[in-house]
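Architecture and fold: a report
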Amino acid sequence: MVLGRLFRRRSQPDAQLEQGLEKTRRGVFLEITRLFDRSTIDEELYEDLEMLLIQADVGWDVSQKLVAELRARVARDRSTVPAEAREILREEMISLLELATRNRKVKILQRGVPFVVMVVGVNGVGKTTTIAKLAAYHQRFGRSVMLAAGDTFRAAAIDQLKVWGERQGVPVIAHHQGADPGAVVFDAMQAAHARGADVLIVDTAGRLQTKHNLMAELSKLRKIMQRHVEDAPQEVLLVIDATTGQNGLVQAKAFADSVDITDIMIAKLDGTAKGGIAFSVAKELGTPISYVGTGERATDLAEFKPETYVDSLFFGVGDGL
Ligand SMILES: Nc1nc2c(ncn2[C@@H]2O[C@H](COP(=O)(O)OP(=O)(O)OP(=O)(O)O)[C@@H](O)[C@H]2O)c(=O)[nH]1
Ligand SMILES: [Mg+2]
């Protein structure tokens, strides 16, 4: 494709992220790239672009906003070359993702004080798998990690975390099924202190019946953590399932309304051709997206960087572009 030679990526390629976005890149975003492979900027370009963005799960509002910004800037710059419009689109997409990332607080890990990560989200979105990935991620920085099986609803949930713990060589603090998650967290905080763990990652249940129960449960866990570490949990990570699209986003929003979220993980990005979800998440939740999940293994995690993300939607190292 001629355009492939015109556009070169500017960010450092991230193999993990590219793998996660492969379906999206080879699907809708390939069509978007082809849209700009025409001789002039015309009305059809804008209309088709809007439709394709919506198809990629960018969301109705965000797609309209992106196209409106593109139109305005093309008019302002008196641009007539589709390649320039494509470049403007890239910039607009990056700045949209950066808006949310800007809210990110700098996190400081102190020796001897456990950095507590509480992982939350609705059923089946990928919380437990995310915990295994985070454990591997922190281990790569040489940090000692512990896990707490705070989802005590199902015996299987506890076992699943223990299996991951064994694989990763990470201790797991767990009680029996039906135990009070508060007691698990209490023990885990003590153990993390006693063993000098750098990072403690806490699994939670996503299946509490009402919003009120969920809030009560999570704020109770928070208080227990704060008895040991004043500003714990330093990270409250909301996991979103990319394959559930706009529906998942509505659920995530309801969740974020009841709990103070600091970071977002978009899991199962590899399982969808709708990687545009990151844009609606950034816009609707306004919380920084910090990680994406790109598969079922503990190593299938990528840090979220707006520029790399946008470039990975258009370029793949193996694509010859
Ligand atoms: N392809 C793919 N599958 C994933 C990813 N993350 C999780 N999964 C799969 O999604 C399923 C659910 O993952 P869990 O980690 O058990 O999700 P959970 O939120 O802990 O689920 P509950 O504890 O039942 O609420 C499992 O089959 C995982 O292997 C991912 O990034 N990519
Ligand atoms: Mg789980």
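Our subject in this report is the structure included herewith.

The rules behind the values
- Residues numbered from 1 in each chain as written.
- Chains lettered and ligands numbered in written order.
- Predicted model: local features only at pLDDT ≥ 70, side-chain atom pairs only at ≥ 80, totals over all residues.
- Heavy atoms only, no water.
- Buried < 20%, exposed > 50% of the residue type's maximum accessible area, 1.4 Å probe, protein only.
- Helix = DSSP H or I, 4+ residues; strand = E, 2+ residues; numbered from the N terminus.
- Pairing = 2+ DSSP bridges.
- Right-handed = clockwise from strand over helix to strand, strands pointing away.
- Phe/Tyr/Trp six-rings, centres within 6.5 Å; stacked < 30°, edge-to-face > 60°.
- Near = heavy atom within 4 Å.
- Polar contact = N/O pair within 3.5 Å; in protein donor to acceptor, adjacent residues only side chain to side chain.
- Areas by Shrake-Rupley, 256 points an atom, 1.4 Å probe, with all protein chains shown as cover.
- Nonpolar A, V, L, I, M, F, W, Y, C, P; charged D, E, K, R; others polar.
- Core = buried A, V, L, I, M, F, W, Y, C linked by side-chain atoms within 4.5 Å.
- Contact = heavy atoms within 4.5 Å.
- Axes fitted to C-alpha atoms, helices over the stretch in contact; angles between N-to-C directions.
- Parallel < 35°, antiparallel > 145°, perpendicular 65-115°, else oblique.
- Expected span 1.5 Å × (residues − 1).
- Arc of directions from axis to C-beta.

1. Describing the pairing of strand E7 (residues 289-293)
- Of all 5 residues that make up E7, 5 are buried, and the element is covered over most of its length.
- As judged from the 3 bridges shared by strand E6 (residues 263-267) and E7, these two strands associate in the parallel manner. Note that in E7 the partner of Met 265 across the bridge is Tyr 291.
- A crossover links E6 with its parallel partner E7, the connecting element being helix H13 (residues 277-285), and its sense is right-handed.

2. Here we look at the packing of aromatic side chains
- As enumerated under the stated definition, the model contains 5 aromatic pairs in all.
- Seen from their ring centres, Phe 29 and Phe 314 are 5.4 Å apart, and the 85° between their planes marks the pair as edge-to-face. Of this pair, Phe 29 sits in helix H4 (residues 28-35) while Phe 314 sits in helix H14 (residues 306-314), and the two are 285 residues apart along the sequence.
- Take Phe 29: its relative accessible area is 0%, and that puts it in the buried class.
- According to the relative accessible area criterion, Phe 314 is buried, its value standing at 4%.

3. Topic: the site of ligand 1
- Near ligand 1 there are 18 residues, and of these Lys 127, Thr 128, Thr 129, Asp 270 and Glu 296 occur at the shortest range.
- A distance of 3.2 Å is found between an oxygen atom of ligand 1 and a backbone nitrogen or oxygen belonging to Val 125.
- The contact in question runs from an oxygen atom of ligand 1 to an N or O atom on the backbone of Lys 268, over 2.9 Å.
- Against a free-state accessible area of 650 Å², the protein chains account for coverage of 80% of ligand 1.
- Take the shell around ligand 1: its biggest share by element is 4 residues, from helix H8 (residues 127-140).
- Tallied by class, the residues present in the shell around ligand 1 amount to 1 nonpolar, 9 polar and 8 charged.

4. Comments concerning the nonpolar core
- Ranked by internal contacts, the top residues of the largest apolar core, which has 77 residues, are Ile 32, Ile 266, Phe 279 and Tyr 309.
- Counting residues per element, this core draws most heavily on helix H7 (residues 82-101), at 8 residues.
- With sequence-adjacent residues up to four places away left out, Phe 279 is seen in contact with Val 58, Val 62, Met 93, Leu 96, Leu 97, Tyr 309, Val 310 and Leu 313.
- Formed by 22 residues, the second largest nonpolar core is a distinct cluster that contains Leu 147, Leu 161, Val 170 and Ile 201.

5. Things to note about the side chain of Ser 63
- Relative to the helices and strands, Ser 63 resides in helix H6 (residues 60-76).
- Those residues in contact with Ser 63 that sit more than four places away from it in its chain are Glu 50, Leu 53, Ile 54 and Val 58.

6. Topic: the environment of Ile 108
- Within the secondary structure, Ile 108 sits in the loop between H7 and strand E1 (115-120).
- Look at Ile 108 and you get exposed, because its relative accessible area is 62%.
- Placed 126 residues apart in sequence, Ile 108 and Gln 234 show a C-alpha to C-alpha distance of 8.9 Å.

7. Points about the packing of H4 against helix H5 (residues 43-55)
- Interaxial distance between H4 and H5 falls to 10 Å at its minimum, and their mutual angle equals 170°. In terms of their interaxial angle, H4 and H5 are classed as roughly antiparallel. Residue-level inspection shows Val 28, Glu 31, Ile 32 and Leu 35 of H4 in contact with H5, the latter providing Leu 45, Asp 48, Leu 49, Leu 52, Leu 53 and Gln 55.
- Residues of the contact of H4 with H5, tallied by class, amount to 7 nonpolar, 1 polar and 2 charged.

8. Points about the pairing of E6
- Where burial is concerned, most of E6 is hidden: 5 out of the 5 residues are buried.
- Going residue by residue along E6, you find Asp 263, Met 265 and Ala 267 tucked away on one face and Ile 264 and Ile 266 tucked away on the opposite face as well.
- Pairing analysis gives 5 bridges linking strand E5 (residues 235-241) to E6, with the strands arranged parallel. Residue Val 239 lies in a different strand from E6, and its bridge partner there is Met 265.
- Between the parallel pair E5 and E6, the chain is carried across by helix H12 (residues 245-258), and the sense of this crossover is right-handed.

9. Re helix H11 (residues 211-228)
- With 18 residues, H11 extends 27 Å from end C-alpha to end C-alpha; this agrees with the ideal 26 Å at 1.5 Å per step.
- Among the residues of H11, those classed as buried are Leu 214, Leu 218, Leu 221, Ile 224 and Met 225. Buried positions in H11, seen along its axis, are confined to an arc of 115° and lie on one side of it. For H11, the exposed residues lying more than 90 degrees away from the buried face are His 212, Lys 223 and Arg 227.
- Buried positions along H11 lie against E1, helix H10 (181-195), strand E4 (199-203) and H12.

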